[in-house]
Amino acid sequence: MSESSANLAPTKQTNHAKPLFPPHSCQVHHLEDPAAMYSELMELIVQLAGYGLIHCDFNEFNILLDDQDKPTVIDFPQMVSTQHTNANW
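Definitions and limits used
Residues numbered from 1 in each chain as written. Predicted model: local features only at pLDDT ≥ 70, side-chain atom pairs only at ≥ 80, totals over all residues. Heavy atoms only, no water. Helix = DSSP H or I, 4+ residues; strand = E, 2+ residues; numbered from the N terminus. Buried < 20%, exposed > 50% of the residue type's maximum accessible area, 1.4 Å probe, protein only. Polar contact = N/O pair within 3.5 Å; in protein donor to acceptor, adjacent residues only side chain to side chain. Contact = heavy atoms within 4.5 Å.

Draft legend 1. Region of the structure containing the side chain of N62. Position of N62 among the secondary structure elements: in the loop between β1 (53–54) and β2 (63–65). A residue is classified by how much of its surface remains accessible, and N62, at 8% relative accessible area, is buried. Side-chain polar atoms of N62 contact the side chain of D75, separated by 3.4 Å. Other than its neighbours up to four places away in sequence, N62 contacts H55, D57, T72, V73, I74 and D75.

Next comes the structure, spelled out in structure tokens:
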């Protein structure tokens, strides 16, 4: 094995194995005001569109809530421009 190919050996840790959630969090919990959360998420979609972006996979599995129920959207690989052909109604 050459020296350069030795650098291609797999590692014991990858970024894909790191958990997304802190140990104290849960996947589902009660929201005090679901209507307010809905409005905040819709405003976020409009804000993304204002930047010329469409998430393309906006669903409950791609929204993380912190301890104060502040949403963070994840998983952007399918994102497209608002100018994309598939972005039309």
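Draft legend 2. Looking closely at unusual backbone geometry. Here the phi dihedral of C56 falls at roughly 75°; this positive angle occurs in a residue that is not glycine. Looking at the secondary structure, you find C56 in the loop between β1 and β2. According to the relative accessible area criterion, C56 is partly exposed, its value standing at 43%. Positioned with a positive phi, D69 is a non-glycine residue whose angle comes to about 60°. Relative to the assigned elements, D69 resides in the loop between β2 and β3 (71–73).

Draft legend 3. Representation of the side chain of H55 in the model. Among the secondary structure elements, H55 is positioned in the loop between β1 and β2. On the basis of relative accessibility, which here comes to 4%, the residue H55 falls in the buried class. At 3.2 Å, the side chain of H55 forms a polar contact with the backbone nitrogen of F58. At a separation of 3.0 Å, a polar atom in the side chain of H55 contacts the main-chain carbonyl oxygen of D75.

Without other data, these values stay purely geometric and don't point to any function.
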